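Reading the structure
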Amino acid sequence: MYELRTKIDAPVNKGFYLEGSFLLYQSGKKLIKQNLDNNKILFEKEVNHNFQSIKPYKNGFICLSSSNYSILDNDLNIISDNKINYYEYRLISEEFLFSVVDYNYNTFEKKSGLYEIETRKNIWETDYNKGTLKSVDGINFFISSPTKIQRLNNEDGAIIWSYEINNKNFIPELLGVNDNLAFFGLQSIDKLIAIEITTGNIKWQKSTIIGGYFFDYKEKKIHQMMVNYTCVDLSTGENIDSYVDNDFFEKNKFETQRKNYGFIDNHIITTDFRKGTIGAFNTLTKEIDWKYKSDNESFPATSPIVLNDKYLIVQNNKNSLNIFHRKQ
């Protein structure tokens, strides 16, 4: 399926961005745009920030560090450099950032806000609470805490509904949103729930380890691989397929504990939790159709796997990038 095209040996920040044949990444103090088809560097700019996330924004890019965000044009020229005096913030769409405005260290409660990039201000803020703002589409907004999941009005942040849970000390993970369903993972009780966005009612729930999901919205399926493989119907939660064979995965040295794997053409692209193996598991035939082995590196589960129709990029334990070209 893939052949190794090149390696970027210098340490690269985790938030690199791939579009077609073009890779945008930061290494040291340099922000670099590279054409992977011929390995030519198109642009190279010195920057004063340690960008950990690079995303497309209008006709250029938005780059986030721990204390600011920068708007760049397509040639990596900085259009605006913006410092945010908040405790944390996360990009959720081309329009908004989630911001933490204040934190009470006595009660462990925080006040959050929806920050509009265009106007450079919060358009609404929450009350102090022990929850975390969540969104995966920039349209549906939730706040989740160990005891409740709440949906917020995207215009003013008002609470539309609240669903009580018992997730002990864990913040539920918002894993996906599709049509009228929001999918949350309750880690402490190993349960995946599908909540109707309009009503807050539970559509379905399923006991399972929380992690290793890929939401295929086109086919209405949820794939999961945490060593073994399962697939369920996105709308109903009913089992579609499963493959449980610990001996097979152990024999092939392909036991994954990675949550952020890639998915393309019915293949799960992931890594072995031990040392130096990347592979493609065919969800239809239940075979490993491709495997790459390296003896001098490992691929931590927290490091990114990024892929598109042409390229697969896997970051190793040294923060270097392995760049594979997809065979046609």
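Above this text is the structure in question.
So, here's what we can say about the structure.

Section: the pairing of strand 7 (residues 60-64)
- Within strand 7, five of the five residues are buried, which leaves it mostly tucked inside the rest of the structure.
- In terms of strand pairing, strand 6 (residues 53-57) meets strand 7 through five bridges, oriented antiparallel. From the neighbouring strand, Ile 54 faces strand 7, where its bridge partner is Cys 63.
- Here strand 6 hands over to strand 7 after two residues, with Lys 58 in that stretch at a positive phi of 50°.
- Bridge count for strand 7 against strand 8 (residues 68-72) is four bridges, and the pairing is antiparallel. Across the sheet, Cys 63 pairs through a bridge with Ser 70, a residue of strand 8.
- Hairpin connection between strand 7 and strand 8: a loop of three residues separates the two successive antiparallel strands.

Some thoughts on the pattern of salt bridges
- All chains considered together, the criterion is met by 10 salt bridges.
- The closest approach of N and O atoms between Lys 30 and Glu 44, which form a salt bridge, is 3.2 Å. Placement of the pair is Lys 30 in strand 4 (residues 30-35) and Glu 44 in strand 5 (residues 40-46), with a sequence separation of 14 residues.
- Ionic pairing is found between Asp 295 and Lys 293, a salt bridge with its closest N-O pair at 3.2 Å.

Comments concerning the packing of aromatic side chains
- Evaluated as defined, the whole model comprises 22 aromatic pairs.
- Between Tyr 17 and Phe 61, the aromatic rings sit 6.1 Å apart at their centres with planes inclined by 65°, giving edge-to-face as the arrangement. Placement of Tyr 17 in strand 2 (residues 17-19) and of Phe 61 in strand 7 is noted, with a sequence separation of 44 residues between them.
- Looking at Tyr 17, the relative accessible area reads 16%, which means it is buried.
- On the basis of relative accessibility, which here comes to 6%, the residue Phe 61 falls in the buried class.
- Between Tyr 213 and Phe 215, the ring centres sit 6.1 Å apart and the planes meet at 45°, which makes this aromatic pair tilted.
- The buried category is assigned to Tyr 213, whose relative accessible area is 12%.
- Three or more aromatic residues joined by ring pairs form one cluster here, namely Phe 183, Trp 204, Tyr 213, Phe 215 and Tyr 217.
- Positioned over the ring face of Phe 22 is Lys 33, at 5.7 Å from the centre of the ring.

Thresholds applied
Residues numbered from 1 in each chain as written. Predicted model: local features only at pLDDT ≥ 70, side-chain atom pairs only at ≥ 80, totals over all residues. Heavy atoms only, no water. Buried < 20%, exposed > 50% of the residue type's maximum accessible area, 1.4 Å probe, protein only. Helix = DSSP H or I, 4+ residues; strand = E, 2+ residues; numbered from the N terminus. Pairing = 2+ DSSP bridges. Salt bridge = Lys/Arg side-chain N within 4 Å of Asp/Glu carboxyl O. Phe/Tyr/Trp six-rings, centres within 6.5 Å; stacked < 30°, edge-to-face > 60°. Lys NZ or Arg CZ within 6 Å of the ring centre and 35° of its normal.

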